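Chain and residue survey
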2 protein chains.
Amino acid sequence: MHIAIPLFPAFTALDVVGPYTGLAFAPGFTTTFVSDRPGPVTDDQGALTLTATASYDEVPRPDIIIVPGGPGTTDALSDDGLLNWIKRAHEHTAWTTSVCTGSLLLGAAGALRGLRATTHWSLLEQLEHYGARPCEERVVIEGKVATAAGVSAGLDMALTLLARIRGEDTAQLVQLVIEYDPEPPFRAGSTKTAPPELVERARELLSS
Amino acid sequence: MHIAIPLFPAFTALDVVGPYTGLAFAPGFTTTFVSDRPGPVTDDQGALTLTATASYDEVPRPDIIIVPGGPGTTDALSDDGLLNWIKRAHEHTAWTTSVCTGSLLLGAAGALRGLRATTHWSLLEQLEHYGARPCEERVVIEGKVATAAGVSAGLDMALTLLARIRGEDTAQLVQLVIEYDPEPPFRAGSTKTAPPELVERARELLSS
């Protein structure tokens with residue numbers, strides 16, 4: 001199966017690399033990083049540059065698309081090249097997926113109408129603009145559309161999809177190979193478990 | 001604080017991006033990706049290329065080094081440029097760290113002698129070659145040396161370090177911003193919880 005992952009300026013790197021790792025470590029997947037044109041694309045921290053090896057036009061019909069999010073989503077929402085690529089690819093994909101605010105891009109491309117979907121916790125209501133029903137879950141699957149919550153949720157989504165595509169055995173094998181037995185040092189990863197004042201601080205930080 | 005992350009051919013991308021995300025999302029960190037010379041370096045899947053923006057010589061005294069692992073570690077173990085850089089940087093770092101088989105590189109550079117350390121579960125005993133005491137924990141901290149278990153453990157390590165460097169509040173803030181509230185779909189991420197036949201299959205896959 002052929003995976004295509006679009007890169008746009010100020011994407012979040014873990015949105016890309018988490019799900020890439022969850023799927024690409026299984027046999028039988030090839031991944032192409034795409035952008036408006038082949039070349040380097042720099043992340044939201046300005047420190048990490050990934051290489052797109054193909055333009056959107058060169059990869060019109062991938063089996064799976066994984067759309068990352070990040071601060072760059074705001075500008076990407078008016079990137080017609082990207083949105084048209086998502087729209088057209090979605091007509092033929094086996095899976096159309098996103099991580100974090102990548103779901104807003106799926107929404108802007110018309111792929112979420114009438115569907116339950118998720119995104120980063122701080123922007124959940126924005127999904128309504130695109131006719132989606134916001135859903136505070138880590139991974140939401142509706143037909144062939146899978147959306148993951150913020151940043152680190154892409155790996156959970158990828159293993160969930162891998163189990164559907166190749167079976168639970170393969171998904172568990174990849175989980176063991178990448179030793180995904182998480183032990184976050186704190187319980188602050190969700191608005192449900194983080195102290196309320198921390199949620200406020202994070203909201204301010206994210207909206208600044 | 002200045003973080004330097006070395007890139008060598010066939011590194012594992014999540015080993016790099018996990019801990020980068022855990023630290024770089026906090027204020028006050030800058031990250032430089034280094035290699036034998038500036039330029040593109042491709043990962044273990046041959047699909048993802050990251051850019052090193054400086055040579056080892058150009059970044060002799062970072063505050064933190066994060067050494068990734070991956071199949072490329074085998075060749076990197078005889079890369080004198082990399083090993084000498086680790087050795088010299090380690091003399092001045094605030095933190096010397098690794099993810100997955102990156103700890104074998106720390107070991108080869110002489111940074112683990114007499115210390116408890118961890119690595120990918122399948123290669124744990126190899127640490128003994130470098131005078132380290134293998135330790136089956138997700139994150140092992142000995143003085144200023146932190147080693148993380150396989151691939152996905154780098155994020156847990158980074159948040160643990162961030163709490164020590166900037167305080168628990170900041171680490172929790174980053175955890176919430178990246179919504180790190182993991183929900184792996186299976187309990188197969190550790191040899192302690194995965195079915196024994198899966199562990200054997202993974203071992204065969206990794207040694208092939």
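Residues numbered from 1 in each chain as written. Chains lettered and ligands numbered in written order. Predicted model: local features only at pLDDT ≥ 70, side-chain atom pairs only at ≥ 80, totals over all residues. Heavy atoms only, no water.

A separate point is the overall build of chain A. Across its full length, chain A carries 7 helices and 11 strands. The globule rule puts the C-alpha radius of gyration for 208 residues at 17 Å, and the 16 Å found for chain A is close to it. For the C-alpha atoms alone, the extent of chain A along its principal axes is close to 45 × 40 × 40 Å. Relative to its full complement of 208 residues, chain A shows a buried share of 62%. (Helix = DSSP H or I, 4+ residues; strand = E, 2+ residues; numbered from the N terminus. Rg over C-alpha atoms; globule rule 2.2 N^0.38 Å. Buried < 20%, exposed > 50% of the residue type's maximum accessible area, 1.4 Å probe, protein only.)

Our focus in this paragraph is the packing of aromatic side chains. Residue and element names in this part refer to chain A. Overall, the coordinates contain 4 aromatic pairs over all chains when judged by the stated rule. For the ring pair Tyr20 and Phe33, a centre distance of 5.3 Å and an interplane angle of 65 degrees mean the geometry is edge-to-face. Taken together, the residues Tyr20 in helix H1 (residues 13–24) and Phe33 in strand E2 (residues 30–35) connect sequence positions 13 residues apart. Across the pair, exposure class does not vary: Tyr20 and Phe33 are buried alike. (Phe/Tyr/Trp six-rings, centres within 6.5 Å; stacked < 30°, edge-to-face > 60°.)

Further remarks concern the confidence of the model for chain A. In the predicted model, chain A carries a mean pLDDT of 97, and 100% of its residues have values of at least 70. Interface confidence for the predicted complex, expressed as ipTM, amounts to 0.97; the pTM equals 0.98. (pLDDT = per-residue confidence, 0-100.)

A separate point is the pattern of salt bridges. Under the defined criterion, the tally for this structure stands at 11 salt bridges over all chains. Of the charged contacts in the structure, one is a salt bridge between B:Arg201 and A:Asp169, with a shortest N-O distance of 3.6 Å. Here B:Arg201, found in helix H7 (residues 196–207), pairs with A:Asp169, found in helix H6 (residues 168–177), and the two come from separate chains. B:Arg138 serves as the salt-bridge partner of B:Asp156, at 2.6 Å between the closest nitrogen and oxygen. Here B:Asp156 is found in helix H5 (residues 154–166), whereas its partner B:Arg138 is found in the loop between strand E9 (133–134) and strand E10 (139–142), with 18 residues between them in sequence. (Salt bridge = Lys/Arg side-chain N within 4 Å of Asp/Glu carboxyl O.)

Each partner contributes residues to the interface: chain A has 62 residues there, and chain B has 62 residues. Summed over both partners, the interface of chain A with chain B comes to about 5500 Å²; 65% of that surface belongs to carbon and sulfur atoms. Three residues stand out in chain A for area buried against chain B, namely A:Leu176, A:Glu179 and A:Phe186, and they jointly supply 14% of the buried area on that side. The interface formed by chain A and chain B holds 27 residue pairs in polar contact (both at pLDDT 80 or more) in total. Considering every element that reaches the side of chain A that touches chain B, the biggest residue donor is H6(A), with 8 residues. (Contact = heavy atoms within 4.5 Å. Buried area = accessible area lost by both parts, 1.4 Å probe. Polar contact = N/O pair within 3.5 Å; in protein donor to acceptor, adjacent residues only side chain to side chain.)

Attention now goes to the environment of B:Leu106. Residue and element names in this part refer to chain B. When you line up the elements, Leu106 lands in helix H4 (residues 102–108). Leu106 gets classed as buried once you look at its relative accessible area, which sits at 0%. In this structure, the C-alpha to C-alpha distance between Leu106 and Lys87, residues 19 residues apart in sequence, is 8.1 Å. The contact partners of Leu106, leaving out residues within four places of it in the chain, are Val67, Ile86, Thr96, Thr97, Ser98, Ala111, Leu112, Val145 and Thr147.

A few words now on the relation of the copies chain A and chain B. In screw terms, the move from chain A to chain B is a rotation of 180 degrees and a rise of 0.0 Å along the axis, fitting with an RMSD of 0.0 Å. Both copies are brought into coincidence by an operation consistent with a two-fold rotation axis. Residues of chain A ranked by C-alpha distance from the rotation axis are headed by A:Leu50, positioned 2.4 Å from it. When the interface residues of chain A are mapped onto chain B, 100% of them again fall at the interface, so both copies present the same face. (Least-squares fit on C-alpha atoms with pLDDT ≥ 70 in both.)

Here we take up the side chain of A:Thr93. Along the chain, A:Thr93 falls in the loop between helix H3 (80–90) and strand E7 (95–99). Engagement of the side chain of A:Thr93 in a polar contact is seen with the side chain of A:Thr96, the distance being 2.7 Å.

Quick look at the UniProt feature "domain: DJ-1/PfpI" (unreviewed entry) in chain A now. Residues annotated by UniProt as "domain: DJ-1/PfpI" (unreviewed entry) correspond here to residues 2–163 of chain A. With 27% helix and 26% strand, residues 2–163 of chain A has its two end C-alpha atoms placed 17 Å apart. (UniProt positions renumbered as here; feature names shortened; annotations may be inferred.)

Residues and elements named next belong to chain B. The alternating pattern of strand E11 (residues 145–148) places Val145 and Thr147 and Ala146 and Ala148 on opposite faces, both of which are buried. Two elements, strand E7 (residues 95–99) and E11, share 4 bridges in a ladder whose sense is parallel. In the strand pairing of E11, Ser98 is matched with Thr147. Alignment of E10 against E11, held across 4 bridges, turns out to be antiparallel. (Pairing = 2+ DSSP bridges.)

Turning to the packing of helix H7 (residues 196–207) of chain A against helix H6 (residues 168–177) of chain B, a few remarks are in order. Between two packed helices, the angle of one axis relative to the other and the distance separating the axes together describe the packing. Relative to each other, H7(A) and H6(B) sit at 65 degrees, their axes nearing to 10 Å. Remark: the crossing between H7(A) and H6(B) carries right-handed chirality. For the pair H7(A) and H6(B), the contacting residues are A:Leu198, A:Val199, A:Arg201, A:Ala202, A:Leu205 and A:Leu206 in the first and B:Asp169, B:Gln172, B:Leu173, B:Leu176 and B:Val177 in the second. Taken together, the residues of the contact of H7(A) with H6(B) break down into 8 nonpolar, 1 polar and 2 charged. (Axes fitted to C-alpha atoms, helices over the stretch in contact; angles between N-to-C directions. Left-handed = near helix turned anticlockwise from the far one by under 90°. Nonpolar A, V, L, I, M, F, W, Y, C, P; charged D, E, K, R; others polar.)

The residue B:His129 is located in the loop between strand E8 (116–117) and E9 in this model. Once the C-alpha coordinates of B:His129 and B:Ala194 are considered, the two residues, 65 residues apart in sequence, prove to be 27 Å apart.

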